[in-house]
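Chain by chain, the residues:
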Amino acid sequence: MITLDRTRCVNGAATPSELAELRLSAARARRNVLRMMAATPAGHVGGALSAIDLVVAIYRHAMKLGPANHDAPDRDRFLLSAGHKALAQYAVLAQVGIIAEEVLDTYGQTDSALPGHPDMSTLAGVEGNTGALGHGLPIGCGMALGARASGLASRVFVLLGDGELVEGSNWEGAAIAAHHRLDNLAAIIDVNGLQISGPTAEVLNMESIVDKFAAFGWATCEIDGNDMADICAALDRLPLQSPRPSVVIAHTVKAKGISAIEGTVGSHYWKPNSEQLAAAITEVDEHVRREESVVTAS
Amino acid sequence: MIGDVLDPRKTFGKALQQVAEADSRVVVLSADSGGSSGLGEFAKTHPDRYVEFGIAENGATGAAAGLATFGHIPVLCAIAPFITCRNYEAFRNDIGYMRQNVKMVGRNGGFTYADLGATHHSLEDYAIIGMIPGVVVLAPQDPTEIRGAVKAMIEHHGPVYMRIGNDPLPEIFPDDSFEIGRAKHLREGSDLTVVSTGYVTPRVLEAVDRLAGEIEVDLLGLGTVIPLDEQAILASAMRTQRVLTIEEHYLRGGLGSGVCELLAGVPDVTVERLAVPHDFVPSGRYGELSARYDLDVDGIERRIRAAAYPRPRTAQGVAPGSS
């Protein structure tokens, strides 16, 4: 019998000023997403914005990756199993300086380094060619095994969507990770509850996600995946329970940050007209200014 | 026949063990398949470089790609259809599209797992794996080539798929030399070019030698299906103007298709293909099934003779009974 670890992660190690900086980073990353939408107004915005707080925290707070260390052999690895959330990864890669910000303006163009799903051959900082769902966890298992076999302390973060969890390959990965005690592997599940056809619970209900991972032998925790304090608390606690692999089940809101489309199925692949895009930019710019003032005050 | 008759799986396992002992980058992966791939000994002696995934070929394929990103050279050997068909998208995306240095070895290829039925046969592997850009497809022809191909695939940086068979196989080459993409010129002749690949080649060689004096066959043995040795095939075909391809694979998409594509623009060359019709092969005895598809020595001899003495073609096709 597996003992469930339902610990809710709170009171993490990030200081208030760090959290303020991370919230500002997340706001600016959302602005980067809109910059790409200004280049070509079509993309998987909903999932990118539900996951973007997680992606910011993983890059900036957990992995601390930037231009100086993004190809170091002992770096931590981030795999975006839900590759359609690529806008979030591109936004953060530009923000941390691994790619030039101007590259964002090529989004949607033929031969752009920013394809609809990430390609490691065209873009620095991408560790795997994801997009077909259900691939990230098995690849991440191999990376975690590879790090261990190489004697490296690298950790592997795999970000998955909740709709993606129906793919059986995830559960092969879940079994492999538990069997091989890959405590250097963490799966972060962006549970925004919506997929292209509707609510995940109605399309194909995979609840309870916590119980399923726990039954496979993973250490689990649940957080608010749009709350930076909650996110950092979980990331700081990894591995949650060595030698088990860790899963952070992050409850999020699809398209978080753009009120006109927040929590809507339609945001999954958003094609804003110029007025909708302008309104979103105004809203996110205001958000950025708000977070800037918090940082300045702290 | 020059040397011993050897079990291809044991030959492969032993060869891989030798290469892995000399190269610490090699990691052997198993999908509950290591022991039956001749790797049980390596599992015992090198537990640190032997990873068991259980019956999870999809997961093992993705994990192989992940391991390769750390500079390891993963080798996964299992029953051919389970690491080509079941896991096709992982092979395509994680190994192919990610351009990872992973070696996949499909054993009991073709219909060599004869009595286990069509679920365990692999007659489309050259075609489907060959459609993944950048993947080398090897089909060593005898035990010496299995040994040589193991060394060559580890030395080659990039994804490789290798198919081996099941039944004991005679050594037909004097040494283990193997060069990826290079055909071996086994017999010289001017009547007909025969292009053969994989573990069928020893049978082809026997049939060709039976016909010596009657039909002079220019025999090319290919240990590599992709990339095709275009130069060798073109040179021979332009001399003989008649080509017969022989393989234990579907007619569609294998060596024969590759040769037809190569020679499509070459005038005055005809190509015949000896391969397996596009249907599921029934369960049965390997020898009897081989005979059914003309892939035993007698059948190959018959088909070489037919290709060398072609019946005249008419507007309706090949004239009946004229050979």
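Conventions we followed
Residues numbered from 1 in each chain as written. Chains lettered and ligands numbered in written order. Predicted model: local features only at pLDDT ≥ 70, side-chain atom pairs only at ≥ 80, totals over all residues. Helix = DSSP H or I, 4+ residues; strand = E, 2+ residues; numbered from the N terminus. Rg over C-alpha atoms; globule rule 2.2 N^0.38 Å. Contact = placed C-beta atoms within 7 Å. Domains from an automatic or database assignment. Nonpolar A, V, L, I, M, F, W, Y, C, P; charged D, E, K, R; others polar. Pairing = 2+ DSSP bridges. Axes fitted to C-alpha atoms, helices over the stretch in contact; angles between N-to-C directions. Parallel < 35°, antiparallel > 145°, perpendicular 65-115°, else oblique. Left-handed = near helix turned anticlockwise from the far one by under 90°.

Visitor: Give me the lowdown on the overall build of chain A, citing residues and values where you can.
Guide: Within chain A, the regular secondary structure consists of 9 helices and 7 strands. Whereas a compact globule of 298 residues would reach a radius of gyration of roughly 19 Å, chain A reaches 18 Å, a difference of no more than 12%. Summarising the internal contacts of chain A: among those between residues at least 6 apart in sequence, 78% fall at separations of at least 24.

Visitor: Go over the domain arrangement of chain B, please, and point to the residues and values.
Guide: Residues and elements named next belong to chain B. Partitioning chain B into structural domains gives domain 1 (5–170) and domain 2 (184–308). Distance from the C-alpha centre of domain 1 to the C-alpha centre of domain 2: 25 Å. For the side of domain 1 that touches domain 2, the secondary structure elements donating two or more residues are α5 (125–130), β6 (136–138), α6 (143–155) and β8 (169–170). Residues belonging to the side of domain 1 that touches domain 2 are distributed by class as follows: 16 nonpolar, 7 polar and 6 charged.

Visitor: Summarise the sheet that holds strand β6 (residues 219–224) of chain A; cite the residues concerned and give the values.
Guide: Residue and element names in this part refer to chain A. Across the sheet, 5 strands lie side by side as β1-β2-β3-β7-β6; this open sheet has parallel pairing. Every interior strand has two partners, whereas the edge strands, β1 (77–80) and β6, have only one. Going from strand to strand, the sheet's axes swing by 20° on average, the running direction of each strand aside. Taken together, the 6 bridges between strand β2 (residues 156–161) and strand β3 (residues 185–191) define a ladder with parallel strand orientation. Directly across from valine 158, in β3, lies its bridge partner alanine 187. Sheet contacts for helix α7 (residues 209–216): β3, β6 and β7 (246–251); angle to β6, the most-contacted strand, approximately 160°.

Visitor: Which residues make up the sheet that holds strand β4 (residues 73–79) of chain B, and what are the values?
Guide: Residue and element names in this part refer to chain B. In space, the 7 strands of this open sheet follow the order β3-β2-β4-β5-β7-β6-β12, with mixed pairing throughout. In this open sheet, the two edge strands, each paired with only one partner strand, are β3 (50–52) and β12 (224–226). This sheet shows a mean twist of 20° between the axes of neighbouring strands, independent of strand direction. In this structure, β4 lies alongside strand β5 (residues 103–107), joined through 5 bridges in parallel fashion. Following the sheet pairing, valine 75 is matched in β5 by lysine 103.

Visitor: Can you tell me about the packing of helix α2 (residues 45–63) of chain A against helix α3 (residues 86–95) of chain A, naming the residues and giving the values?
Guide: Residue and element names in this part refer to chain A. Where α2 meets α3, the axes come as close as 7 Å, and the angle between the chain directions of the two elements is 40°. Considered as vectors, α2 and α3 are oriented oblique to each other. In terms of crossing hand, the pair formed by α2 and α3 is right-handed. Packed against α2, whose contacting residues are Val45, Ala48, Ala51, Ile52, Val55, Val56 and Tyr59, the element α3 presents Leu87, Ala88, Gln89, Ala91 and Val92 at the interface.

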